[in-house]
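Descriptive structure summary
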Amino acid sequence: MSELHAPSLATLRIAADDPVSYAQNWKDTHRRPVIGSFPMNFPSEIVHAAGALPVIVQESKTPITEGRSMLAEFYCGYTRSVADQAAIGELDVFDGFVAADHCVQLLGAVDAIRYARPEKPVHFAQFTSAMDDAWTKSRVDGRIGELKTEIETVVGTFLTAEDLTRSIGLFNANRRLLRRFYDLRRSGLTRITAGEMQLLVKSSMVMDIEEHTAVLETLLDRLVLRDQAPDDLVRLHLSGHFCHAPKPEILDVIEESGGLVVDDDLYTGYRYISTDVPESDDPLKALSTWYMQRNINAPCPTRVTSKVDWDTYLLDSLAKSRSVGVVVLMAKFCEPHMLYYPELRKALEEHDVPSLLIETEHEGIPVETLRTKMETFIERIRRHAAPVPA
C-alpha cells in the first residue's frame with residue numbers, strides 16, 4: 001500500500017508516462033517553446049530562465065521501428081529509442097535540442113535527430129570530462145555561455161542574470177524537496193517504493209518546475225510516517241542506469257522479492273538531484289561550478305577526477321543507508337558502465353557486500369526469470385547475515 005498521496009502521485013505519473021503529451025499541452029497553454037535535452041549534465045535552469053519548458057528526452061515505451069535503420073543494434077536502448085522517436089515524429093513538439101555530454105552513442109542519437117528533422121536547431125555543448133585539469137573550469141564556463149546564447153536564439157529572448165538567478169533558486173528548491181524524500185526513505189520512517197521514487201524524479205525532468213514543486217509539497221505534507229523502520233525486509237541500494245529510467249516492472253520485482261530499496265545512484269534518482277547550483281552573483285559561473293561539483297557528490301565513470309571514485313562513493317552510501325546488498329542495473333551496451341563494472345564488483349567483494357547484476361534493454365527482460373534471480377539473491381543475503389549456530 002502506497003504511503004504517498006494518490007491524486008498527487010497520479011499527476012506526476014501522467015507527465016512521467018507521457019512526457020511528449022505533457023510538453024504539447026504546456027506549449028498549447030503557454031504559447032512558449034519547448035526545448036529537449038539529454039542526460040546527464042544539461043543545466044535546465046537556462047531554458048527555464050528564457051521562458052521555455054526544459055524537458056529531458058525520455059526513452060519511449062513503444063517498440064523501435066523506423067529508427068532501426070538509423071543506429072546499429074549495439075547502441076543502447078535509450079539512444080536507439082531517441083532515434084526512433086525522431087524518425088516517427090514523436091519529438092516534433094520540441095523547438096530545439098541541446099546536449100552537454102559526449103557519450104559516443106548519444107552523439108549518434110543526436111545526429112539521427114539532425115538527419116530526421118533537419119529543420120530543428122541542435123546545439124552540442126560538449127562539457128569537458130577531465131575534471132582535474134587547470135583549464136577545465138574556464139572551458140566549462142565558456143560552454144555554459146555558448147548554451148545561453150544558443151537558447152536565447154532559439155527562444156527569441158534575452159536572458160538576464162536576474163532571470164537565471166530566479167530559475168536557479170526554483171530548481172534548487174525542487175532538488176531539496178526530492179532529497180527530503182530520499183532522507184525519509186533511508187530512515188525507514190516511511191515506505192516509498194523504488195517505482196514511486198523514480199516517478200518523483202522522472203516527472204521533475206518533464207514538468208514545469210513550479211508545478212512539480214507544488215505537487216511535491218502536497219505529497220510531503222500528507223506523507224504517512226512511522227515510529228520505527230520495518231526490519232523484515234532486506235535493505236538494498238540500486239546502482240547504475242546513467243541515462244534513462246529502468247522499467248517499472250523491474251523495480252517492482254526487486255521489492256516483491258523481499259527487498260526494500262532504501263537508496264540509489266540512478267540517473268532518474270539521486271544522481272540527478274544530488275547537487276544544488278550555488279546561488280551567487282554570477283549565475284553562469286555558478287552553473288559550471290554545479291557541473292564540477294556533481295561529479296564529487298555522485299561520481300560518474302564518464303568523468304575523470306582524482307578526488308573521488310564511484311566504488312568508494314558507493315561503499316560510503318551503503319554505510320549511510322545501512323544497505324546490505326547492491327542491485328546493479330546496467331543498460332545493455334552501455335560502454336562506460338561495462339568498463340567500470342569490474343572495479344565496482346571488486347570493491348564490493350572485498351568488503352563482503354553481496355551484489356546482483358541485471359542487464360536491461362529497451363525490448364525488456366523476462367520478468368519471471370528476473371524474479372527467480374532476485375528471490376535467490378535475497379535468500380543469499382539472508383543466509384549470509386544469519387548467525388552461525390553454536
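Higher on the page you've got the structure.
A few words now on the packing of helix 7 (residues 161-187) against helix 9 (residues 209-221). It is the contact of helix 7 with helix 9, at a shortest axis distance of 10 Å, that shows an interaxial angle of 30 degrees. As judged from the angle between their axes, helix 7 and helix 9 are roughly parallel. Here the hand of the crossing between helix 7 and helix 9 comes out left-handed. In contact with R166, L170, F171, N174, L177, L178, R180, F181 and L184 of helix 7, helix 9 contributes I209, E210, H212, T213, L216, E217, L219 and L220. The class makeup of the residues in the contact of helix 7 with helix 9 is ten nonpolar, three polar and four charged.

Looking now at the pattern of salt bridges. Opposite charge on two side chains permits pairing when their charged atoms draw close. This structure, assessed with the given rule, holds 25 salt bridges. With a closest N to O distance of 3.8 Å, D17 and K61 form a salt bridge. Within this pair, whereas D17 is found in helix 1 (residues 6-17), its partner K61 is found in the loop between strand 2 (53-56) and helix 4 (77-88), the two being separated by 44 residues in sequence. A relative accessible area of 63% places K61 in the exposed class. Sharing partners across several salt bridges, the network here consists of E45, R175, R176, R179 and D276.

Criteria and thresholds
- Throughout this description, residue numbers start from 1 for each chain and increase along the sequence as written.
- Only residues with pLDDT of at least 70 are given local features in this predicted model, and only at 80 or more are side-chain atom pairs given and counted; all residues enter the totals for whole chains, interfaces and linings.
- In computing side-chain values, all of the structure's heavy atoms are included and hydrogens and water are not.
- Here an angle of 0 to 180 degrees is reported between the N-to-C directions of two axes, which are lines fitted to C-alpha atoms, with helices fitted over the stretch in contact.
- Runs of E in the DSSP output that reach at least two residues are strands. Runs of H or I that reach at least four are helices, and both are numbered from the N terminus.
- Small angles under 35 degrees read as roughly parallel and large ones over 145 as roughly antiparallel, with 65 to 115 read as roughly perpendicular and the rest as oblique.
- A crossing counts as left-handed when the near helix is turned anticlockwise from the far one by less than a right angle, and as right-handed when that turn is clockwise.
- Residues count as neighbours in contact if any of their non-hydrogen atoms are within 4.5 Å of one another.
- Amino acids are sorted into nonpolar (Ala, Val, Leu, Ile, Met, Phe, Trp, Tyr, Cys and Pro), charged (Asp, Glu, Lys and Arg) and polar (every other residue, Gly among them).
- For salt bridges, the criterion is a side-chain nitrogen of Lys or Arg within 4 Å of an Asp or Glu carboxyl oxygen.
- Under the scheme applied here, a residue whose accessible area is under 20% of the maximum for its type counts as buried, over 50% as exposed, and between as partly exposed, the area being computed with a 1.4 Å probe on protein chains only.

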